Amino acid sequence: MATNPNPKKSPSSKLWGGRFAQSTAASVEAFSASIDYDSRLYRYDIAGSKAHATMLAANGLLSKEELQAIVDGLSEIEKEIDSGDFKFSQELEDIHMNIEKALADRIGPAGAKLHSARSRNDQVALDLKLYLRDQCDLLVELLDDVRRGFATLARTYLGAVMPGYTHMQRAQPVLVSHHLLAYFEMFSRDRDRLLDCRKRINICPLGGAAMAGTGLPIEREQVADLLGFDGVTSNSMDTAGDRDFAIEFVSCCAQIQLHLSRLCEELVLWAGGEFDFVMIEDTFCTGSSIMPQKKNPDIAELVRGKSGRVVGSLMTLLTIMKGLPLTYNRDLQEDKEPVFDAVDTVSASLSIIGELLENLKFNTEKMREATTSGFMTATDLADYLVLKDVPFREAHGIVGRIVGHCIDKGCELVDLTVQELKKFSAVIEKDVYEVISVDGSVQSRISTGGTSMQRVEEALGSAEKQVGIA
Ligand code: ARG
């Protein structure tokens, strides 16, 4: 092995190369570099470095002039990256070292002081948290657009009825708006979840240093304040190895994508000839290269399909973390690609679904027609008997026999005369028809969260208020 001829200079060009007698193998550099994807964090890395430098200066670790040189240098580097002129180097591994090296090249010795009292371990956690905090805000905006879309549709179709399903069998008639507002609820929970997750993201890790804290006189709270954090992390070892916040964020993403996927599944079914409940505008469909008659709901299918990616990202993160000893391990570098892919997929899906909602037309006649068969008001008939003091289980049996009778006769409940109905229960009178009609059934469901017009109007009013529709 060749010995180093100049003991003052390491043969390794790395920022960490001092103790190395040989330079890194090219294959190792290529395999271990993250710059191809973590360059996305540059703005956050620079903002974090500026805050760190400001704190170092306030605590006597940098002179005023050095601070100025660092801040100006970082601003120039940021502009260069913005404009696409910055040359990223794989040799410098990651975004942190690419920027630090560029700064040192630009401003000399002051640049080399920036990394005092910090490690890449707390630096990368900081960058990721700053990035995810912004992504929470962005996803909340996109969710609000989608929620607005549902409120608008629910207002447009207020009064229309459709079958509600359990087991994919027609179950009970509901208002179309009630079905639409179910999605409003799901996306509202997603919004809450993101905002809650944001609280745990918004705790500053910088100052945890490599994993044991630092002996240099720093003030972590000052950095946290400068960057808009709510506080600082409490344990330096936890700080270096924690990615709970990333898992939690991607879990929020997975939940959003699952909700989108369920919606898309319904749209695909409803747009098909078997249902014919919804028409998706031509601009949002594609054709078949062989079957001239086809108009396919590809956007809904793609969003449904993309749920695989987001759930996959969550599994990736969980698996990376399982069994990692404290504190930092290089495995953690693998956290970024799944996080970025989840962000890209969910934001693209939310934004296209927001547009898709504006390109739907419900076929309310078809929907109403679908409510008139399938004995969907059988529960209402049982409830009618309960109000006439028949115990529910007994009422259930009576109505079951009435339904069996209808099946034999090939008719619906409303087609039976009072005389016929009385054979099953003497308490049945003429007023039964108000109860077993589709509209009567819907109107009767006045329990909180039910599908009666009154309840749905209240829910819609509240939804509109939440999303700022007058
Ligand atoms: N690129 C690394 C990552 O993403 C940065 C932290 C490196 N720290 C270390 N001790 N090698 O995790």
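Refer to the preceding data block for the structure.
All figures in this text were calculated on a predicted structure; none of them were measured in a lab. (Residues numbered from 1 in each chain as written. Predicted model: local features only at pLDDT ≥ 70, side-chain atom pairs only at ≥ 80, totals over all residues. Heavy atoms only, no water.)

Asker: Describe in detail the overall build of the protein, supporting the description with residues and values.
Answerer: Helix and strand content of the protein: 20 helices and six strands. The C-alpha atoms of the protein give a radius of gyration of 31 Å, which is well past the 23 Å a tight globule of 470 residues would have. The C-alpha extent of the protein, read off along each of the three principal axes, is 110 × 55 × 45 Å. Relative to its 470 residues, the protein shows a buried fraction of 47%. Taking the contacts inside the protein whose residues are at least 6 apart along the sequence as the reference set, 74% of them involve residues at least 24 apart. For the protein, the accessible area works out to roughly 22,900 Å², and carbon and sulfur atoms hold 53% of it. With 51 positive and 69 negative side-chain charges, the protein shows a spacing of 2 Å between the two charge centroids. (Helix = DSSP H or I, 4+ residues; strand = E, 2+ residues; numbered from the N terminus. Rg over C-alpha atoms; globule rule 2.2 N^0.38 Å. Buried < 20%, exposed > 50% of the residue type's maximum accessible area, 1.4 Å probe, protein only. Contact = heavy atoms within 4.5 Å. Areas by Shrake-Rupley, 256 points an atom, 1.4 Å probe, with all protein chains shown as cover. Lys, Arg positive; Asp, Glu negative; His and termini not counted. Charge placed at Lys NZ, Arg CZ, Asp CG, Glu CD.)

Asker: Can you break down the packing of aromatic side chains residue by residue, with the values?
Answerer: Inspection of every chain in the model, using the stated rule, returns eleven aromatic pairs. An aromatic cluster is built from Tyr157, Tyr165, Trp270, Phe275, Phe277 and Phe362, whose rings are joined through pairwise contacts. The positively charged end of Arg19 is found above the aromatic ring belonging to Phe20, 5.8 Å away from the centroid. A cation over a ring is seen here: Arg133 above Phe229, with NZ or CZ 5.0 Å from the ring centre. (Phe/Tyr/Trp six-rings, centres within 6.5 Å; stacked < 30°, edge-to-face > 60°. Lys NZ or Arg CZ within 6 Å of the ring centre and 35° of its normal.)

Asker: Account for a negative patch on the surface, naming residues and giving values.
Answerer: A contiguous patch of negative charge, built from Asp36, Asp331, Glu334 and Glu337, is present on the exposed surface. Its location among the elements puts Glu334 in the loop between helix H12 (298-321) and helix H13 (336-357). (Patch = residues over 30% accessible without salt bridge, like charges linked within 9 Å, V, L, I, M, F, W, Y side chains within 5 Å. Salt bridge = Lys/Arg side-chain N within 4 Å of Asp/Glu carboxyl O.)

Asker: Give a detailed account of helix H3 (residues 42-58), specifying residues and quantitative values.
Answerer: For H3, with 17 residues, the first-to-last C-alpha span of 24 Å sits near the 24 Å given by 1.5 Å per residue. Along H3, twelve of the 17 residues are buried, which leaves the element largely enclosed by surrounding structure. Burial in H3 covers these residues: Tyr42, Tyr44, Asp45, Ile46, Gly48, Ser49, Ala51, His52, Ala53, Met55, Leu56 and Ala57. In the stretch just after H3, Gly60 is the one whose phi turns positive, near 75°. (Expected span 1.5 Å × (residues − 1).)

Asker: Please provide a residue-by-residue account of the state of the cysteines, values included.
Answerer: This structure, assessed with the given rule, holds zero disulfides. No disulfide involves Cys204; its sulfur sits 16 Å from the nearest other cysteine sulfur, which is in Cys136. (Disulfide = S-S within 2.5 Å.)

Asker: Quick one: what's the story with the pattern of salt bridges, residue by residue and with numbers?
Answerer: Within this structure, the stated rule accounts for 33 salt bridges. A salt bridge links Asp196 to Arg200; its shortest N-O distance comes to 2.8 Å. Of this pair, Asp196 and Arg200 are both found in helix H8 (residues 176-201), four residues apart, which corresponds to roughly one turn of the helix. Taking the relative accessible area as the measure of exposure, Asp196 reaches 31% and is therefore partly exposed. A relative accessible area of 40% places Arg200 in the partly exposed class. Look at the salt bridges and you will find they share partners, linking Glu93, Asp94, Arg120 and Arg330 into a network.

Asker: Give me the lowdown on the packing of H12 against H13, citing residues and values where you can.
Answerer: One way to put it is that H12 packs onto H13 with a least axis distance of 9 Å and a crossing angle of 155°. The orientation of H12 with respect to H13, classified from their angle, is roughly antiparallel. The hand of the H12/H13 crossing is left-handed. Together, Ile299, Val303, Lys306, Arg309, Val310, Ser313, Thr316 and Leu317 of H12 and Pro338, Val339, Asp341, Ala342, Thr345, Val346, Ser349, Ile352 and Ile353 of H13 make up the contact between the two elements. Looking at the contact of H12 with H13 residue by residue, the class counts come to ten nonpolar, four polar and three charged. (Axes fitted to C-alpha atoms, helices over the stretch in contact; angles between N-to-C directions. Parallel < 35°, antiparallel > 145°, perpendicular 65-115°, else oblique. Left-handed = near helix turned anticlockwise from the far one by under 90°. Nonpolar A, V, L, I, M, F, W, Y, C, P; charged D, E, K, R; others polar.)

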